[in-house]
Amino acid sequence: MALSNATSSSLSTRSLYTGLSHRHSNRQSSLPFHHAFIKPNLSTALHASDPSRNAAVSVKDSVVSPRSTLEWTPESWKLKKALQLPDYPNADELESVLKTIEAFPPIVFAGEARNLEERLADAAVGKAFLLQGGDCAESFKEFNADNIRDTFRVLLQMSIVLTFGGQVPVIKVGRMAGQFAKPRSDPFEEKDGVKLPSYKGDNINGDTFDEKSRIPDPNRMIRAYTQSAATLNLLRAFATGGYAAIQRVTQWNLDFVEQSEQADRYQELGNRVDEALGFMSACGLTTDHPLMTTTDFYTSHECLLLPYEQSLTRLDSTSGRYYDCSAHMVWCGERTRQLDGAHVEFLRGIANPLGIKVSNKMDPNELVKLVEILNPNNKPGRITVIVRMGAENMRVKLPHLIRAVRRSGQIVTWVCDPMHGNTIKAPCGLKTRAFDSILAEVRAFLDVHEQEGSHAGGIHLEMTGQNVTECIGGSRTVTYDDLSSRYHTHCDPRLNASQSLELAFIVAERLRKRRTASQRLA
């Protein structure tokens, strides 16, 4: 089960990272319950994610031809061009921090990541559905148990709704316990004639608009590690300590959602679940089985800050493969998916399930090449393609991507991110997203897969359990005038609990129709 278990002159990013000396220990951890992980000896770490394949991945394209001579190691990404990485002003301080993190225990374990990969393989063929959600960017300021619990609770509610409608298992993956770093389209931000480096996430620099806050501080990585570990510890407790028991389904409503159409619909569904549980008990079927009292919950984040990710990469002695133990699943962003870039180089060698964010800019042939690099053995569940391009582009561009992947014979899990292609600026100057636009993209995603005969494998949302007013619309209408009342995000606007649940009901109805249609055909 997943969860039952003062500055010198600035150096360039490339010269700083390439010059670091990472001296990993070759001994096993002294903690007995971490025996399955060995810190990699980088001088001999020559295996990619499949240890039986010593030859580097070869793709028939001049862009990636250097791969034919490059053996993968946890630090081979340093030989590639790395985008979106911060310029740390003090190399010695950075190296000290990374050595400290290397000595820390892993946050997640290899077996959990393998379990998730198996579940995602089911989603690729329509036997499961992925629900991936959480903050745009986690913050140090808003770190508290209530916020973690409320987001977890909304995800539980959404999963019940989706399971009931689709009659398939729902894979619950949080953008939690590590989702700090954010890529930026502009490395600088200007206000009132003052130009400073952009805020890149709490694990890199501060969001306060002053010179000191915007200097990248490597010590923030240690704080991010401790917060991630504490968050995951609490999530484990919620998932296995009775809070997630199916018998509590009617108790998961958030107070501020209670007087709403979504709450009424959810309560009705909860009553039906209670009736089903009562029937099971009357028939002598026990409801205290672990499947009924616990749940699997996984974590994920964008693989952006490569020094941090490398420091948490461990060699799993059970499988002989390297895992990035900062999360169960990591993804490659739209701005860092260059075929011969540092991020793809790092990702190709770790055995975690991987996501690829894809916009309307993605060429179908490039997607095929990228999937081949990251999954040369075509292992089901290894690659999740997370499509983010707006409803109109979804209907035009997605079919070509699906057909190209199908022609190549590659197996991927298709997931819709309806958030990032729908960001607009409100009249007040705040970024927002319209619920109707988000819904239109989800519907377009589902429509295309029905037309193509492929499987819609899940949804990927930026959402929160807090009562925020960041996205406009929804049945409990949030207007432009409402935005400033509870606008708390540190980066991009999120769906609140009511909007998230409303979206889940709509998707569940589509899943129900898909299920009944397939039953009629059978």
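Further up the page is the structure itself.
Residues numbered from 1 in each chain as written. Predicted model: local features only at pLDDT ≥ 70, side-chain atom pairs only at ≥ 80, totals over all residues. Heavy atoms only, no water.

(A) Quick peek at the overall build of the protein. When you go through the protein residue by residue, the secondary structure sums to 13 helices and 15 strands. A buried classification covers 58% of the 522 residues belonging to the protein. Entry remark: accessible area of the protein is about 20,800 Å², with carbon and sulfur atoms responsible for 50%. (Helix = DSSP H or I, 4+ residues; strand = E, 2+ residues; numbered from the N terminus. Buried < 20%, exposed > 50% of the residue type's maximum accessible area, 1.4 Å probe, protein only. Areas by Shrake-Rupley, 256 points an atom, 1.4 Å probe, with all protein chains shown as cover.)

(B) Representation of the side chain of serine 198 in the model. Relative to the helices and strands, serine 198 is located in the loop between strand E5 (194-197) and helix H5 (219-240). Its relative accessible area of 6% is what places serine 198 among the buried residues. Here aspartate 186 takes part through its backbone oxygen, which lies 2.7 Å from a polar atom of the side chain of serine 198. Leaving out residues up to four positions away in the same chain, serine 198 has contacts with Arg184, Asp186, Pro187, Phe188, Glu189, Asn205 and Arg214. (Polar contact = N/O pair within 3.5 Å; in protein donor to acceptor, adjacent residues only side chain to side chain. Contact = heavy atoms within 4.5 Å.)

(C) Up close: the pairing of strand E15 (residues 456-462). Burial of E15 is extensive: seven of the seven residues sit out of reach of the surface. By the bridge criterion, five bridges tie strand E2 (residues 129-134) to E15 in an arrangement that is parallel. Of the residues in E15, the one forming a bridge with leucine 131 is isoleucine 459. The sheet contact formed by strand E12 (residues 413-416) and E15 spans three bridges and is parallel. Note on E15: the bridge partner recorded for cysteine 416 is isoleucine 459. (Pairing = 2+ DSSP bridges.)

(D) Representation of the sheet that holds strand E9 (residues 329-332) within the structure. Pairing within the closed barrel is parallel, and its eight strands lie in the order E2-E3-E6-E9-E10-E11-E12-E15. Neighbour-to-neighbour, the strand axes of the sheet open up by a mean angle of 25 degrees, direction not taken into account. Across the sheet, helix H11 (residues 391-408) lies against strand E10 (354-358), strand E11 (383-387) and E12, angled at about 165 degrees from E12, the strand it touches most. Along the sheet, helix H12 (residues 435-452) makes contact with E11, E12 and E15, crossing E12 at roughly 155 degrees. (Axes fitted to C-alpha atoms, helices over the stretch in contact; angles between N-to-C directions.)

(E) Region of the structure containing helix H6 (residues 261-282). Look at H6: 32 Å from first C-alpha to last across 22 residues, which is about the 32 Å you get at 1.5 Å a residue. On its buried side, H6 packs onto helix H4 (145-166), helix H7 (290-293) and helix H13 (497-521). (Expected span 1.5 Å × (residues − 1).)

(F) Focus on the packing of aromatic side chains. Counting across every chain of the model gives seven aromatic pairs. Measuring from ring centre to ring centre gives 5.8 Å for phenylalanine 152 and phenylalanine 238, while their planes differ by 20 degrees; the resulting arrangement is stacked. With phenylalanine 152 in helix H4 and phenylalanine 238 in helix H5, this pair connects stretches of sequence that are 86 residues apart. Of the two residues, phenylalanine 152 and phenylalanine 238, both sit in the buried class. Connected via pairs of aromatic rings, a cluster forms that spans Phe152, Phe238, Tyr243 and Phe297. (Phe/Tyr/Trp six-rings, centres within 6.5 Å; stacked < 30°, edge-to-face > 60°.)

(G) Layout of the nonpolar core. Among the nonpolar cores identified, the biggest contains 89 residues, and Phe152, Leu347, Leu367, Trp414, Leu495 and Leu503 are the most heavily contacted of them. Ignoring anything within four residues of it in the chain, the contact list for leucine 367 reads Val358, Met362, Val385, Leu401, Val405 and Trp414. By size, the runner-up hydrophobic cluster in this structure holds 22 residues, among which are Val108, Ala110, Ala181 and Tyr308. (Core = buried A, V, L, I, M, F, W, Y, C linked by side-chain atoms within 4.5 Å.)

(H) Fine view of the packing of helix H2 (residues 91-102) against H5. One way to put it is that H2 packs onto H5 with a least axis distance of 8 Å and a crossing angle of 20 degrees. By the criterion of interaxial angle, the relationship of H2 to H5 is roughly parallel. Residues Glu93, Leu94, Val97, Leu98, Thr100 and Ile101 of H2 form the contact with H5, whose own contacting residues are Asn219, Met221 and Ile222. Class assignment of the residues belonging to the contact of H2 with H5 gives a composition of six nonpolar, two polar and one charged. (Parallel < 35°, antiparallel > 145°, perpendicular 65-115°, else oblique. Nonpolar A, V, L, I, M, F, W, Y, C, P; charged D, E, K, R; others polar.)

(I) Quick look at the pattern of salt bridges. Overall, the coordinates contain 30 salt bridges when judged by the stated rule. Residues glutamate 189 and lysine 191 are paired through a salt bridge, measuring 3.8 Å at the closest nitrogen-oxygen approach. In this structure lysine 191 comes out as partly exposed when scored by relative accessible area, which is 41%. The salt bridge partner of lysine 431 is aspartate 492, with a shortest N-O separation of 2.5 Å. Of this pair, lysine 431 sits in strand E14 (residues 431-433) while aspartate 492 sits in the loop between E15 and H13, and the two are 61 residues apart along the sequence. Residue lysine 431 is classed as partly exposed on the basis of its relative accessible area of 29%. On the basis of relative accessibility, which here comes to 10%, the residue aspartate 492 falls in the buried class. (Salt bridge = Lys/Arg side-chain N within 4 Å of Asp/Glu carboxyl O.)

(J) Layout of the side chain of serine 500. For serine 500, the position within the fold is in helix H13. On the accessibility criterion, serine 500 (0% relative accessible area) is buried. A distance of 2.8 Å separates the side chain of serine 500 from the backbone oxygen of asparagine 496, its partner in a polar contact. Sequence-distant contacts of serine 500, defined by excluding residues within four places in its chain, comprise Val154, Met158, Met463 and Leu495.

(K) Looking closely at the packing of H4 against H13. Contact geometry for H4 and H13: axes closest at 7 Å, N-to-C directions at 15 degrees. In terms of orientation, H4 lies roughly parallel with respect to H13. Judged by the sense of rotation from one axis to the other, the crossing of H4 with H13 is right-handed. Mapping the contact onto sequence places Val154, Gln157, Met158, Val161, Leu162, Phe164, Gly165 and Gly166 in H4 and Ala497, Ser500, Leu501, Ala504, Phe505, Val507, Ala508, Leu511, Arg512 and Arg515 in H13. Considered class by class, the residues forming the contact of H4 with H13 number twelve nonpolar, four polar and two charged. (Left-handed = near helix turned anticlockwise from the far one by under 90°.)

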